[in-house]
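Fold and geometry: a report
Chain by chain, the residues:
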Amino acid sequence: MKSYSLLIDGAPVTAQASFESEDPFQGKPWALIPRATAQHVDAAVEAAYRALHQGPWSGFNATQRGALLRRLGDLLAEHSETLASTEVRDNGKLLSDMRKQLSYEPQVFYYYAGLADKIEGSLLPSDKADILNFTRHEPVGVVAIITAWNAPINLLAKKLAPALAAGCTVVVKPSEHASASTLELATLIEKAGFPNGVVNVVTGFGDEVGSPLVSHSKVSKVAFTGSENTGKRVYELAARSLKKVTLELGGKSPNIVFPDANLENAANGVVAGVFAASGQTCIAGARLLVHRSILEEFSERVKSVAAGVRMGNPMDLDTELGPIANRQQFEKIRQYLDIARSDGAELLLGGKRAERPECGDGLFIEPTIYARGDNQMRIAREEIFGPVLVIIPFDDDEQAIAIANDSPYGLAAGVWTNDMRRMVHMSGKLQVGTVWINTYRAVSFMSPFGGYKASGIGRENGREAIYAYLQTKSVWLSTATNVPNPFIMR
Ligand code: NAD
């Protein structure tokens, strides 16, 4: 089995214990991941703290930081094929999808490399004689980056690149279910020439590694992607020492289809929106809201597209739906299929483990659709994170908005219509961080991404994101020759 090391203070570190990572297509363990402890976390944070305050990194100017980030982007591009196949093996991602994703990921590093030397303070107007007042944006400190398993490199890149561009140092903890690609990326960080301790990677479990990292007194900020429940726990732990946080959490996003839409495009968009990556994306369009006048016709259309989806080996380039990434998630989805059954949901497609010959012993779930659902059902309210769609009818625009917004989450929504007024109206009324109109799953490092309500706090991507890794200092500089009365506030 393949084995990996932690990265602490620029050196590979072997942990005494390790745990197995399972290949979800073969249904067998394939790699040994180091099981870090609180001592490793402490060593990693201390290294990051030293690198921030004493090491050469503190003397790097913005242009030099940008150059290193560009180099890391180049290395990522050079090693994209290896990283892609690791993600397929470790996480059941489709090779076709990973190739596309990894050809895009270097751009994230180039984008923030370009922003590094555009972090500008300002000279502010002053209402006090002989005083200059200016602002500086300084790195927020040591950043703990904690990621989910469904897109390890992507979730890491959009935190790591702005954090390093801002001049922070970091300790990364990937998910215990998919750590391999992050550990491989760690070797590229060394190759790129970042000074020791600027980036550290510790792997292991939430309570053994995640909690001590979030609680560490020398960590100033936590950038987290994961579930709502863990997000709340992380927020509580971070609050104890008043750390800054950004939280990217779950969703239960609606895809809303009106009768005036191009229904063929809408059906393809809905199917891709919920079944891509086997539904294991935070933005999965897991609730399909359909106008009652086209309910039967459109439900049949979606069913027929979904029924034709090709399942099988994630390494085959024509596979469209791969396995569920890990056994725990597989069992969770099966529990929701039981819940749907006991709640009397009307099954239109799937609803069980896929036992097709092309799926072998892999952890596959059939694309599943429930018809004529109700927004109060558990399968319509809770995030399943699997290939499960529930169809909910509506009668008019206001009811569609009310149903869409009647959710604890607010990550994204899709709207399918050709009516311009409706597009503008819906985009204003939906309580979500991203609205897609006649498309779905379009994301870019150039555009802010994040959640309303229980879907998160803060934004990633785009220019704004870099300010989550900076803090503003106001500097007052007096050129007065006579000090005025110090007992009177100036
Ligand atoms: P999770 O919450 O189980 O785990 C996320 C990370 O938190 C893992 O690295 C885990 O080890 C760590 N963790 C667990 N307990 C911890 C603790 N006490 N302290 C610190 N860290 C701890 O989530 P998951 O199952 O890995 O990922 C799926 C979830 O992520 C879904 O809810 C999905 O919607 C969400 N997600 C959100 C986005 C987004 O951008 N909004 C993107 C991808 C995934």
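None of the values given here were measured: they were computed from a predicted structure.

Attention shifts here to the domain arrangement of the chain. If you check the domain split of the chain, you get domain 1 (2-249 + 455-474) and domain 2 (254-437). Each of domain 1 and domain 2 has a C-alpha centre, and these two points are 31 Å apart. Residue-level contacts link 22 residues of domain 1 with 31 residues of domain 2. Its largest share of buried area at the contact with domain 2, domain 1 owes to Phe-25, Trp-149 and Ser-455, together 30% of the area lost on that side. The interface formed by domain 1 and domain 2 includes one salt bridge. Of the charged contacts in the structure, one is a salt bridge between Arg-327 and Glu-22, with a shortest N-O distance of 2.9 Å. Inspection of the region where domain 1 meets domain 2 yields nine residue pairs in polar contact (both at pLDDT 80 or more). Secondary structure elements with two or more residues in the side of domain 1 that touches domain 2: helix H3 (80-91) and helix H4 (95-116).

Direction vectors running N to C along H3 and H4 enclose 140°, while the axes themselves pass 9 Å from each other. Taken together, the axes of H3 and H4 lie oblique to each other. Read as a crossing pair, H3 and H4 show a hand that is right-handed. Across the interface between the two elements, Ser-80, Glu-81, Leu-83, Ala-84, Ser-85, Glu-87 and Val-88 from H3 touch Leu-95, Met-98, Arg-99 and Leu-102 from H4.

Attention now moves to the sheet that holds strand E16 (residues 368-371). The strands making up a sheet are joined through hydrogen bonds of the backbone, oriented either antiparallel or parallel. With mixed pairing, the seven strands of this open sheet are ordered in space as E15-E16-E17-E14-E13-E19-E20. Both edges of this open sheet fall to strand E15 (346-349) and strand E20 (434-437), since each of them pairs with a single strand only. Across this sheet, the average inter-strand angle for adjacent strands is 25°, counted without regard to direction. Where E15 lies against E16, three bridges are found, and the strand directions are antiparallel. From the neighbouring strand, Glu-346 faces E16, where its bridge partner is Ala-371. The strands touched by helix H10 (residues 295-307) are strand E13 (254-257), strand E14 (287-291), E15, E16 and strand E17 (388-394); relative to E15, the strand with the most contacts, the crossing angle is about 50°.

With that out of the way, let us pick up empty space enclosed by the protein. Tallied over the full model, the rule gives five cavities of 30 Å³ or more. Together, 13 residues line the second largest cavity, and Gly-279, Ala-284, Ala-286, Ile-384 and Phe-385 are the ones closest to its centre. Looking at the lining of the second largest cavity residue by residue, the class counts come to seven nonpolar, four polar and two charged.

The gaps of empty space that remain are located by a probe, the size of a water molecule, rolled over the atoms. By volume, the second largest pocket is sized at about 330 Å³. Along its surface, the second largest pocket is lined by 17 residues, and Arg-65, His-137, Glu-138, Pro-139 and Ala-166 are the ones closest to its centre. For the lining of the second largest pocket, the secondary-structure elements that each account for two or more residues are helix H2 (62-78) and strand E7 (131-139). Sort the elements by how many residues they give to the lining of the second largest pocket and E7 lands first, with five residues. Among the residues making up the lining of the second largest pocket, the classes are represented as nine nonpolar, five polar and three charged.

What follows concerns helix H5 (residues 152-165). Look at H5: 20 Å from first C-alpha to last across 14 residues, which is about the 20 Å you get at 1.5 Å a residue. Of all 14 residues that make up H5, 13 are buried, and the element is covered over most of its length. Backbone geometry just after H5 places Gly-167 at a positive phi near 100°.

We now examine the packing of H4 against H5. The geometry of H4 relative to H5 is characterised by a closest axis approach of 8 Å and an angle of 15° between their N-to-C directions. Taken together, the axes of H4 and H5 are roughly parallel relative to one another. Considering only the axes of H4 and H5, their crossing is right-handed. For the pair formed by H4 and H5, the contact residues are Gln-101, Leu-102, Glu-105, Val-108, Phe-109, Tyr-112 and Ala-116 on the first element and Ile-153, Asn-154, Ala-157, Lys-158, Leu-160, Ala-161, Pro-162 and Ala-165 on the second. Of the residues that constitute the contact of H4 with H5, the class distribution is 11 nonpolar, two polar and two charged.

So, about the pairing of strand E11 (residues 219-225). In regular strands, side chains alternate between the two faces of the sheet. Within E11, six of the seven residues are buried, which leaves the element mostly enclosed by the surrounding structure. Across five bridges, strand E8 (residues 142-146) lies against E11 in parallel orientation. Bridge pairing links Val-143 to Lys-221 in E11. Pairing between E11 and strand E12 (residues 244-248): five bridges, direction parallel. By the bridge assignment, Ala-223 is partnered in E12 with Thr-246.

Rules and cut-offs
- Residues numbered from 1 in each chain as written.
- Predicted model: local features only at pLDDT ≥ 70, side-chain atom pairs only at ≥ 80, totals over all residues.
- Heavy atoms only, no water.
- Domains from an automatic or database assignment.
- Contact = heavy atoms within 4.5 Å.
- Buried area = accessible area lost by both parts, 1.4 Å probe.
- Salt bridge = Lys/Arg side-chain N within 4 Å of Asp/Glu carboxyl O.
- Polar contact = N/O pair within 3.5 Å; in protein donor to acceptor, adjacent residues only side chain to side chain.
- Helix = DSSP H or I, 4+ residues; strand = E, 2+ residues; numbered from the N terminus.
- Axes fitted to C-alpha atoms, helices over the stretch in contact; angles between N-to-C directions.
- Parallel < 35°, antiparallel > 145°, perpendicular 65-115°, else oblique.
- Left-handed = near helix turned anticlockwise from the far one by under 90°.
- Pairing = 2+ DSSP bridges.
- 1 Å grid on protein atoms, 1.4 Å probe; cavity = no way out; pocket = protein on both sides within 12 Å on 5 of 7 lines; lining within 4 Å.
- Points joined across faces, edges and corners; volume = space filled by probe spheres on them.
- Nonpolar A, V, L, I, M, F, W, Y, C, P; charged D, E, K, R; others polar.
- Expected span 1.5 Å × (residues − 1).
- Buried < 20%, exposed > 50% of the residue type's maximum accessible area, 1.4 Å probe, protein only.

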